[in-house]
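# A look at the structure
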Amino acid sequence: MSKQIHLWAFLQGIGFFPTGWRHPRATPEGVFSMDYYARVAKMVEDARFDAIVFGDQLQSRGAGGRTPARLAMPTLDPVSLLMAMAAVTEHVGLVATVSTTYNTPEMLAERFAAMDRISGGRAGWNIVTTAHPDTAPNFGEAELPPKDQRYRHAVDVVAKACELWAAMDKAGPALPQGRPVLVQAGQSPEGRDFAARTAEAIFCPAANIDAGIDFRNDMRHRIAAVGRNPDGVRVMPGLSCVLGGTEEEARANHAAILDMGDVPLAIEYLSESLCCDLTPFDPDAAIPVDAILANTLLPKADVAKSVQPAAEKGTKLGDFAANFMRHPRGHNVFIGTGEQMADMMIEWRDSGACDGFTLQPSYMPGGLEDFVEQVVPVLQQRGRLRREYPGSTLRETLGLSARMREAA
């Protein structure tokens, strides 16, 4: 039997491209309405995706003390959004991102138990430790705990939450899945080790097929090394796309999205991503590396890796920002026809680069509509995407063990 492709829909905010909210088929005002979420949830379920995923942010977006003026990136509470979507769907999974650093095991166990019960066994928990330094003051702390400390704490929190779910399971009525599906998205060595010991599904960036193969092989090795079965973990790299009836049309559609943003907008986006206000600097001058490293709120070593190679090549700030906007967050961006995209997805799956993909629509809801109309039917015709759900729970949809009673 041909390898099935798992599909998740990452529906955060306005879509993948920072210019997407300006697209004529985008409805940025919809992200505050129930009608919008009901519509996209039904669309995802009709296309037989495994799950809908929402991220979370516990801090305001900013660029080193200044909020970008033209980047509409609303982030609403993921659990609330997914519970609203549960009311209008029956099968699609619901994966919420929630931090272990700023929630107690008791709070987490209760929230996800409620999600699992109300949705009939469709809850998933994307486990994060929170990396943005602006979060700490919102919880009465001066700064974040060090990364290694956050991950050690996450291990304890997940273990305790699993104990609480097991206790609920025994006390009855049992949770539909025993516990939610455990998901992880960190890419650091600490994050990969944590995923190897804990995760049942992993969300990651992979800009090309070789990067996907390297990541999945590394994770399977780590998972086996701690005594777990690598076949019991799904690796789901991010994937965005711009489609067209022909390659030329797709490239033109991609160019049109990028053309909706000018250099000042690109610099605002880069500023927000680096947590450092770059708007006072000359776009035609060199990248101000020293100023960035002196003022960024993020770990300086990570930021240096992002900016120094381009600076050493003499890249101008405006050019660097424009290129950064074309390739947000290091994920694969496919540009072509629906048939070509289906070919690419099958090649990645058969080459061992992934178990499926986390689709990040280029803009919402038009980018999602294009994928559902142009790619999903091709995958189904080729026998690579289900036409019906195999059961009622997210575990069944992912092909994972039906119930989990043991602690992580």
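Okay, so let's go over this structure. (Residues numbered from 1 in each chain as written. Predicted model: local features only at pLDDT ≥ 70, side-chain atom pairs only at ≥ 80, totals over all residues. Heavy atoms only, no water.)

### Focus: the overall build of the chain
In terms of regular secondary structure, the chain is built from 16 helices and nine strands. Over its C-alpha atoms the chain spans a radius of gyration of 21 Å, differing by no more than 12% from the 22 Å that the globule rule assigns to 408 residues. A principal-axis box enclosing the C-alpha atoms of the chain has dimensions of 65 × 50 × 45 Å. When the 408 residues of the chain are sorted by exposure, 54% land in the buried category. Residue pairs at least 24 apart in sequence account for 78% of intrachain contacts in the chain once pairs closer than 6 positions are excluded. (Helix = DSSP H or I, 4+ residues; strand = E, 2+ residues; numbered from the N terminus. Rg over C-alpha atoms; globule rule 2.2 N^0.38 Å. Buried < 20%, exposed > 50% of the residue type's maximum accessible area, 1.4 Å probe, protein only. Contact = heavy atoms within 4.5 Å.)

### Structural notes on the nonpolar core
Soluble globular proteins: nonpolar side chains tend toward being buried together. Core analysis: the biggest nonpolar cluster contains 68 residues, and Phe49, Trp125, Trp165, Met341 and Met345 have the highest contact counts within it. Of all the elements, helix 5 (residues 147-171) adds the most residues to this core, at eight residues. Sequence-distant contacts of Met341, that is, excluding residues within four places in its chain, are made with Leu239, Ser240, Cys241, Leu243, Phe334, Leu359, Phe371 and Val375. Judged by nonpolar contacts, the second largest core, of 21 residues, contains Val303, Ala310, Phe320 and Met325. (Core = buried A, V, L, I, M, F, W, Y, C linked by side-chain atoms within 4.5 Å.)

### Some words on empty space enclosed by the protein
According to the stated counting rule, one finds two cavities of 30 Å³ or more in the structure shown. In this structure, the second largest cavity occupies an estimated 30 Å³ of space. Taken together, the residues of the lining of the second largest cavity break down into seven nonpolar, two polar and no charged. (1 Å grid on protein atoms, 1.4 Å probe; cavity = no way out; pocket = protein on both sides within 12 Å on 5 of 7 lines; lining within 4 Å. Points joined across faces, edges and corners; volume = space filled by probe spheres on them. Nonpolar A, V, L, I, M, F, W, Y, C, P; charged D, E, K, R; others polar.)

### Some details on the side chain of Thr97
Take Thr97: it is sitting in strand 3 (residues 93-99). Given a relative accessible area of 5%, Thr97 falls into the buried group. In terms of polar contacts, Thr97 uses its side chain to reach the backbone carbonyl oxygen of Phe54, at 2.8 Å. Of note is the side chain of Thr97, whose polar atom sits 2.8 Å from the side chain of Asn126. Sequence-distant contacts of Thr97, that is, excluding residues within four places in its chain, are made with Phe54, Gly55, Asp56, Pro78, Asn126 and Val128. (Polar contact = N/O pair within 3.5 Å; in protein donor to acceptor, adjacent residues only side chain to side chain.)

### Description of the packing of aromatic side chains
Throughout the structure, instances matching the rule amount to 11 aromatic pairs. Members of the aromatic cluster, joined through ring pairs, are Tyr36, Tyr37 and Phe54. (Phe/Tyr/Trp six-rings, centres within 6.5 Å; stacked < 30°, edge-to-face > 60°.)

### What about helix 1 (residues 34-46)?
Look at helix 1: 18 Å from first C-alpha to last across 13 residues, which is about the 18 Å you get at 1.5 Å a residue. When we look at burial in helix 1, the residues that qualify are Tyr36, Tyr37, Ala38, Val40, Ala41, Met43, Val44 and Glu45. Packed against the buried residues of helix 1 are strand 1 (6-10), strand 2 (51-54), helix 2 (78-86) and helix 14 (366-374). (Expected span 1.5 Å × (residues − 1).)

### A word on the packing of helix 1 against helix 2
Orientation of helix 1 relative to helix 2, taken along the N-to-C sense of each, is 65 degrees, at an axis distance of 9 Å. Here helix 1 runs over helix 2; the crossing is right-handed. Contacts between helix 1 and helix 2 involve Met34, Tyr37, Val40 and Ala41 on the former and, on the latter, Leu81, Ala84 and Met85. Of the residues that constitute the contact of helix 1 with helix 2, the class distribution is seven nonpolar, no polar and no charged. (Axes fitted to C-alpha atoms, helices over the stretch in contact; angles between N-to-C directions. Left-handed = near helix turned anticlockwise from the far one by under 90°.)

### With respect to the pattern of salt bridges
Summed over the entire model, instances satisfying the criterion amount to 21 salt bridges. Glu200 is the salt-bridge partner of Arg395, the closest N and O atoms lying 2.6 Å from each other. Pair noted here: Arg395 is in helix 16 (residues 394-398) and Glu200 is in the loop between helix 6 (189-198) and strand 6 (201-204), with a separation of 195 residues, a long-range link. With a shortest N-O distance of 2.8 Å, Asp218 and Arg222 are connected by a salt bridge. Separated by four residues within a single helix, Asp218 and Arg222 lie in helix 7 (residues 209-225), roughly one turn from each other. Through salt bridges that share partners, Arg25, Arg39, Glu369 and Asp370 make up one connected network. (Salt bridge = Lys/Arg side-chain N within 4 Å of Asp/Glu carboxyl O.)

### Some details on helix 11 (residues 300-312)
Helix length check: helix 11, at 13 residues, gives a terminal C-alpha distance of 17 Å against a target of 18 Å (1.5 Å per residue), a fit within 8%. The axis of helix 11 is deflected most strongly, by about 35 degrees, at Ser306, and proline Pro309 appears within four residues downstream. Next to the buried residues of helix 11 lie helix 9 (263-274), helix 10 (289-295) and helix 12 (317-326). Positive phi appears at Gly314, one or two residues downstream of helix 11, with a value of about 80 degrees. (Bend = angle between axes of the 7 residues up to and from the residue.)

### What to know about the pairing of strand 9 (residues 356-359)
Of the two faces of strand 9, both are covered, the one formed by Gly356 and Thr358 as well as the one formed by Phe357 and Leu359. Pairing geometry for strand 1 and strand 9, over four bridges, is parallel. Paired with Trp8 across the bridge in strand 9 is Thr358. Looking at chain direction, strand 7 (residues 234-243) and strand 9 are connected through two bridges and run parallel. (Pairing = 2+ DSSP bridges.)

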